[in-house]
Amino acid sequence: MLVTLEGLDGSGKTTVWEALHDAYPDAVFTREPTSDSWYGEAVNRAIADDDADPLATLFLFTADHADHLSRVVRPALADGDLVISDRYSDSRYAYQAASLRDSDLRRPMEYIRGIHTAFTRPPDKTIYLDVDPETAAARSGATNKFEQAAYLADVRANYERLIEAEPERFVRVDATQSPEDVLDAVEAALEEILAEN
Ligand SMILES: Nc1ncnc2c1ncn2[C@@H]1O[C@H](COP(=O)(O)OP(=O)(O)O)[C@@H](O)[C@H]1O
Ligand SMILES: Cc1cn([C@H]2C[C@H](O)[C@@H](COP(=O)(O)OP(=O)(O)O)O2)c(=O)[nH]c1=O
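The structure presented is a predicted model; accordingly, all values stated were derived computationally and were not measured. (Residues numbered from 1 in each chain as written. Chains lettered and ligands numbered in written order. Predicted model: local features only at pLDDT ≥ 70, side-chain atom pairs only at ≥ 80, totals over all residues. Heavy atoms only, no water.)

### Focus: unusual backbone geometry
Argument step 1. The residue after E32, namely P33, is reached through a cis peptide bond having omega -5 degrees.
Argument step 2. Assignment of secondary structure puts P33 in the loop between strand 2 (28-31) and helix 2 (38-48).
Argument step 3. One non-glycine residue, R87, lies in the positive phi region at around 70 degrees.
Argument step 4. Within the secondary structure, R87 sits in the loop between strand 3 (83-86) and helix 4 (89-99).
Argument step 5. Using a relative accessible area of 12% as the deciding quantity, one classes R87 as buried. (Helix = DSSP H or I, 4+ residues; strand = E, 2+ residues; numbered from the N terminus. Buried < 20%, exposed > 50% of the residue type's maximum accessible area, 1.4 Å probe, protein only.)

This is the structure we're talking about:
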């Protein structure tokens, strides 16, 4: 089963993902952008480059996703493992649709979803750490172009569209709570998800 963690920068995904290692020692913990491939390195170069072309950046993230799927996610799922990914395809649908909002693409989110459909493996469940853009930008330190509050407001609106389209896939957690309470809520959500399957 594939469970993904999504949310704005600074929503606390990585904090939760790291804490979950103790509770689920047999799960496969992974992330996007990947941290152990040259595709992930290429993505990190694009993130750090304020002048990177947004469409080119979309394809770099998507290439990293393709490699992540074939190298990590599909083999782990084939072995029957629980896979917990810190960010996944919804990050592209939310972030790159915001980056491409003023581009020549008429419907960026639909376009981005379209290029994934043929090859991706959708998550079974997605835990969405919900936080306002100001808190997100403050927590993340606004160190890269994706971490600015105005941009994050667009990204958050895109996540809301995704949740509205597939309410049964998402579990929303209030990420403005203390780290302990956020972790408790995520662990409770995961218990329920695993009990259902
Ligand atoms: N619930 C929380 N309340 C306050 N600060 C938090 C919370 N969760 C994480 N943080 C802090 O916010 C920053 C970003 O957290 P992180 O887990 O890296 O978020 P993300 O992976 O979603 O960008 C870190 O400094 C972290 O210690
Ligand atoms: C996976 C992914 C990340 N991103 C962005 C979100 C982050 O600003 C940045 C790096 O992701 P990440 O390392 O997960 O950052 P954080 O822990 O702060 O949330 O890349 C996209 O724009 N599209 C994507 O598909």
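Next comes the rest of the account.
### Quick word on the site of ligand 2
Argument step 1. Neighbouring residues of ligand 2: 16 residues in total, closest D9, R31, R87, R92 and Q96.
Argument step 2. Within the side chain of R31, a nitrogen or oxygen atom sits 2.9 Å from an oxygen atom of ligand 2.
Argument step 3. In isolation ligand 2 has 540 Å² of accessible area, and contact with the protein removes 88% of it.
Argument step 4. Mapped onto the shell around ligand 2, the elements with two or more residues apiece are helix 1 (13-23) and helix 4.
Argument step 5. Counting residues per element, the shell around ligand 2 draws most heavily on helix 4, at four residues.
Argument step 6. When its residues are assigned to classes, the shell around ligand 2 shows five nonpolar, four polar and seven charged. (Near = heavy atom within 4 Å. Polar contact = N/O pair within 3.5 Å; in protein donor to acceptor, adjacent residues only side chain to side chain. Areas by Shrake-Rupley, 256 points an atom, 1.4 Å probe, with all protein chains shown as cover. Nonpolar A, V, L, I, M, F, W, Y, C, P; charged D, E, K, R; others polar.)

### Things to note about the UniProt feature "domain: Thymidylate kinase-like" (unreviewed entry) in the protein
Argument step 1. UniProt's feature table lists "domain: Thymidylate kinase-like" (unreviewed entry) at residues 5-184, given in the numbering used throughout.
Argument step 2. Within residues 5-184, the helical portion is 55% and the strand portion 12%, while the C-alpha atoms at the span's ends are 15 Å from each other. (UniProt positions renumbered as here; feature names shortened; annotations may be inferred.)

### Digging into the packing of helix 3 (residues 54-78) against helix 4
Argument step 1. Following both chains from N to C, one finds helix 3 and helix 4 inclined at 175 degrees, their axes separated by 10 Å at the closest point. As judged from the angle between their axes, helix 3 and helix 4 are roughly antiparallel. The residues of helix 4 that touch helix 3, namely those facing P54, T57, L58, F61, T62 and H65, are S89, R92, Q96 and S99.
Argument step 2. In terms of residue class, the contact of helix 3 with helix 4 is made up of three nonpolar, six polar and one charged. (Axes fitted to C-alpha atoms, helices over the stretch in contact; angles between N-to-C directions. Parallel < 35°, antiparallel > 145°, perpendicular 65-115°, else oblique. Contact = heavy atoms within 4.5 Å.)

### Side note on the environment of L5
Argument step 1. Note on placement: L5 falls in strand 1 (residues 2-7).
Argument step 2. When the C-alpha atoms of L5 and L129 are compared, they prove to be 7.4 Å apart, with 124 residues separating the residues in sequence.
Argument step 3. Every residue in contact with L5, bar those within four places of it in the chain, is listed here: K13, V16, W17, S85, D86, R87 and I127.

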